[in-house]
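Single-letter residue listing:
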Amino acid sequence: MALKSGAPARVWPLRRRIRWAVEAALALPVMALLGALPLDAASWLGGALTRAVGPWLGLHRRMDRNLARAMPELSQAERQRILKGAWENLGRTAAEYFHLEELDRSTDRITFEGQENVEVARHGANVAFSAHLANWEVAALPVVRFNERMTLIYREPNNPHIGRRIERMRESLGEDLVPKGMRAAGQILSVLRHGGRIGVLIDQKMNNGIEVPFFGRPAMTTPILAVCGLRYRCPVIPVQVVRTRGARFRVIYHPALVLPEGGVTEESTRLVTAQATAMIESWIRQHPEQWLWQHKRWKD
């Protein structure tokens, strides 16, 4: 279920509410179609559509700028190949949202590596982090498969009508959802205090976060995993997801981060956050076509 922060509901302007209603009227039938198709067909169709349309959108220029600054050694042709792959990965991921239960039940679509690295954290509080790579929703499915609940910190979709549909699909898998932001910090810490599990994606810009290097440039990053790990001395586990082909994935559990002693300090928080961000950068360099280059990650 979605765990709300207790803040009063915001009243949005009429124009925006009308726009959301129109967007939902256009999007929900497409979502229904993707849900009705077999998983492989839906994934292929979603990827083919975004691969064809994405490069013509204005957002493609931001993606190219992000990639050129992050990996200046690439030629323009190499960047365009990677960005077309990134568009395809995004479309596939969007279509696969409507088949998460099938992915969860499947015995041959997801393979695992490094399971020994999570066994030590199976019976107590822990924090797992990942990035918007491949289909990032897959990272939480193995936990749910073993009947263990996980609380996920997530960014609420801009359109609440579409967001509610997506939330219902994720909650049906046994995930508890906490909207990102400082107001949710108390709920997150309460979960850990009671021995629960937290999952968070840390590769998007957080304006009130802390600055750490990311592809050689300062990037505002959430410190939540560092604060949680340092305060409760619980394992902080990196979870990498790789799309191997089509709607098939490999989930890699890396060894838990080595946390400095001394509790939560500005220095230790920055150190752990930088360590996790550097690991994510290495994953992106392995498969740059599977990352969400669309995001405005750095200051211009």
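Let me sum up the structure you'll find in this document. Sequence positions are assigned chain by chain, starting from 1 and proceeding in written order. Only residues with pLDDT of 70 or above have their local features reported here, since the model is predicted, and side-chain atom pairs are shown and tallied only from 80 upward, although totals for entire chains, interfaces and linings are computed over all residues. Excluded from the side-chain calculation are hydrogens and water; included are all heavy atoms of the structure.

Structural notes on the overall build of the chain
Along its length, the chain carries 11 helices and 9 strands. The C-alpha radius of gyration computed for the chain amounts to 19 Å, which stays within 12% of the reference 19 Å derived for 300 residues, consistent with globular compactness. For the chain, the spread of C-alpha atoms along the principal axes amounts to about 50 × 45 × 45 Å. Relative accessibility under 20% of the residue-type maximum defines a buried residue, over 50% an exposed one, and the middle range a partly exposed one, all with a 1.4 Å probe and only protein chains included. Per-residue burial for the chain yields a buried fraction of 51% across its 300 residues. Within the chain, contacts between residues separated by at least 24 positions form 78% of all contacts whose residues are at least 6 apart in sequence. Strands here are runs of E lasting at least two residues and helices are runs of H or I lasting at least four, both read from the DSSP assignment and numbered beginning at the N terminus. This radius of gyration counts C-alpha atoms alone. The globule rule is 2.2 Å times how many residues there are, raised to the power 0.38. We call two residues in contact when some of their heavy atoms are within 4.5 Å.

Description of helix α10 (residues 224-232)
Most of α10 is tucked away: 7 of the 9 residues are buried. Buried within α10 we find I224, L225, A226, V227, C228, G229 and L230. Where α10 is buried, its residues meet β2 (126-130), β3 (150-154), α9 (185-193), β5 (197-201), β8 (236-245) and α11 (266-286). The first or second residue beyond α10 is R233, which carries a positive phi of 50 degrees.

Thoughts on the nonpolar core
Of all hydrophobic cores here, the largest spans 43 residues; its most connected members are V127, F129, L225 and W293. Of all the elements in the fold, those that place two or more residues in this core are α3 (59-70), α4 (76-96), β2, α9, β5, α10 and α11. For V127, the contacting residues outside a window of four places in its chain are L192, I198, V200, L225, C228, C234, P235, V236 and I237. The definition of a nonpolar core used throughout is a set of buried Ala, Val, Leu, Ile, Met, Phe, Trp, Tyr and Cys residues joined through side-chain atoms within 4.5 Å. Among the nonpolar cores identified, the runner-up in size contains 33 residues, and L100, A128, L152 and V251 belong to it.

A closer look at unusual backbone geometry
A positive phi angle, near 55 degrees, is found at F215, a position not held by glycine. Within the secondary structure, F215 is located in the loop between β6 (210-214) and β7 (217-221). Unusually for a residue other than glycine, R233 sits at a positive phi of about 50 degrees. Classification of R233 as partly exposed rests on a relative accessible area of 39%.

With respect to the packing of aromatic side chains
Here a pair means two rings of Phe, Tyr or Trp (six-membered ring of Trp) with centres within 6.5 Å. Their orientation is stacked below 30 degrees between planes, edge-to-face above 60, and tilted elsewhere. Following the criterion strictly, the structure yields 9 aromatic pairs and no others. Considering the side-chain rings of W291 and W293, the 4.7 Å spacing of their centres and the 90 degrees angle between planes classify their relative orientation as edge-to-face. Given a relative accessible area of 3%, W291 falls into the buried group. On the basis of relative accessible area, W293 is assigned to the buried category, the value being 0%.

Digging into the pairing of β3
Burial runs high along β3: 5 of the 5 residues are buried. Neither face of β3 is left uncovered, since the one carrying M150, L152 and Y154 and the one carrying T151 and I153 both have all their residues buried. Pairing between strands is defined by DSSP: at least two bridges between the two strands are required. Direction of pairing for β3 relative to β5: parallel, over a ladder of 3 bridges. Its bridge partner lying in β5, T151 is registered against I198.

Distances and angles like these do not, on their own, reveal function.
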